[in-house]
Structures are given as C-alpha cells and as structure tokens.
Amino acid sequence: MTLKPILIHPDPRLKKACDPVTEFDKALAALANDMLETMYDAPGIGLAAPQIGVMNRVMVMDCVKEEGGTPAPMTLVNPHVVWESEERNVYEEGCLSIPGQYADVERPKMVRVTWQDIEGKAHEQEFDELWATCVQHEIDHLNGTLFIDYLKPMKRQMITRKMQKLKREQMRE
Ligand SMILES: [Zn+2]
C-alpha cells in the first residue's frame, strides 16, 4: 500500500468527469487499498480517485467517527444515485482537496446508491445522514463537482484564492 499525494484545488483534474471502470483487476484492488490508506492517514471520511489524479469512477469512505469505533471501509466503483429523499439535510462539509475550509451544504437527507465492488459484483444500499452526505460529495468528485460549487460565487472565490495562496506557499517549501 502506498500513501498518495492529494491534489489541492484549483487543479484541472478536480474539474473533469471521470471514466467508468471496466477492468476489475489487481490494479483496481491496489488503487482501492492506496485510496483507503491515504484517506485514513489524512485523516478523512471519504476520498475519490481524481483527488489522487486517477480519472476513474472509484471512491472510498468510512464515516465511523467515534473514538474506538469499528472501522467500516467501503469501496464504491461506478457509483450511481438511483433515488434521493425529498427531505433535505445541512452538513458542514470539508474536503481533503480544500484543506481547512468548511461550509454548510444542503443535500438530500437519504439516497439509494448502486455500485460495483472491486470484483465487479453489483450492490445497492440506502445511506442516511453523514453517510448520505459523504457518498454524494464523493460521487460529485467523479463528475468534476466540488462542495464549494454549491456556495455563493463570492465565498467560492474567497476559498479558491486561499487555496492558491496555500499552493504557492507549499511550492516555496
Ligand atoms: Zn472532497
């Protein structure tokens, strides 16, 4: 397993739609392992492949946050939202590609999602609360959408400028 560097916004790879996965091979299993390791190390509760520069429809998540809770790592390949609740929910979201920035985002409170596992087997499950927000946030990444795209332009530009400054500082190090 290898820790991968996480791309920081703005980056053109974070704005592109990713390709569906068609090969369920060893390379896919290795990618999923690397993504989980990178997510836990960050630490974060979700990570999408484009965040490490891989333009395929793969995401990982684990929303168990309690201290000492049993980890529940999930890898979703080619995920699709097939149903969403009318009831909506607001969570303060953050993103490993937009470090240190948080903002309220409103999304459907529950979603039903279909996906394939790393062996290509089909799954379908309903997600609620934080898991629902996380899975929607990560599927957005696979379509080139970031949580700041839901914010007012002024707020989005302010965050983008902060990230540009952060990247300049990191380059000087
Ligand atoms: Zn994110």
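Since the model is a prediction, treat every value here as computed from it, not as a measurement.

Undergrad: With reference to specific residues and values, describe the UniProt feature "binding site: Fe cation" (unreviewed entry) in the protein chain.
TA: UniProt's feature table lists "binding site: Fe cation" (unreviewed entry) at C95, H137 and H141, given in the numbering used throughout. Across 47 residues in sequence, these annotated residues keep their C-alpha atoms within 10.2 Å of one another, forming a single compact spot. Residue position: C95 is located in strand β4 (residues 88-95). When the 26 C-beta atoms within 10 Å are taken as the criterion, C95 is described as buried. For C95, the contacting residues outside a window of four places in its chain are L146 and F147. Relative to the elements of secondary structure, H137 occurs in helix α2 (residues 129-142).

Undergrad: Go over the UniProt feature "active site" (unreviewed entry) in the protein chain with me, naming the residues and quoting the values.
TA: In this structure's numbering, the residues bearing the UniProt feature "active site" (unreviewed entry) are E138. One can find E138 in helix α2. Overall, E138 belongs to the buried group, with 22 C-beta atoms counted inside 10 Å. Excluding residues within four positions of it along the chain, E138 makes contact with G46, A48, M59 and M61.

Cut-offs applied
Residues numbered from 1 in each chain as written. Predicted model: local features only at pLDDT ≥ 70, side-chain atom pairs only at ≥ 80, totals over all residues. UniProt positions renumbered as here; feature names shortened; annotations may be inferred. Helix = DSSP H or I, 4+ residues; strand = E, 2+ residues; numbered from the N terminus. Buried ≥ 20, exposed ≤ 12 C-beta atoms within 10 Å, placed from the backbone. Contact = placed C-beta atoms within 7 Å.

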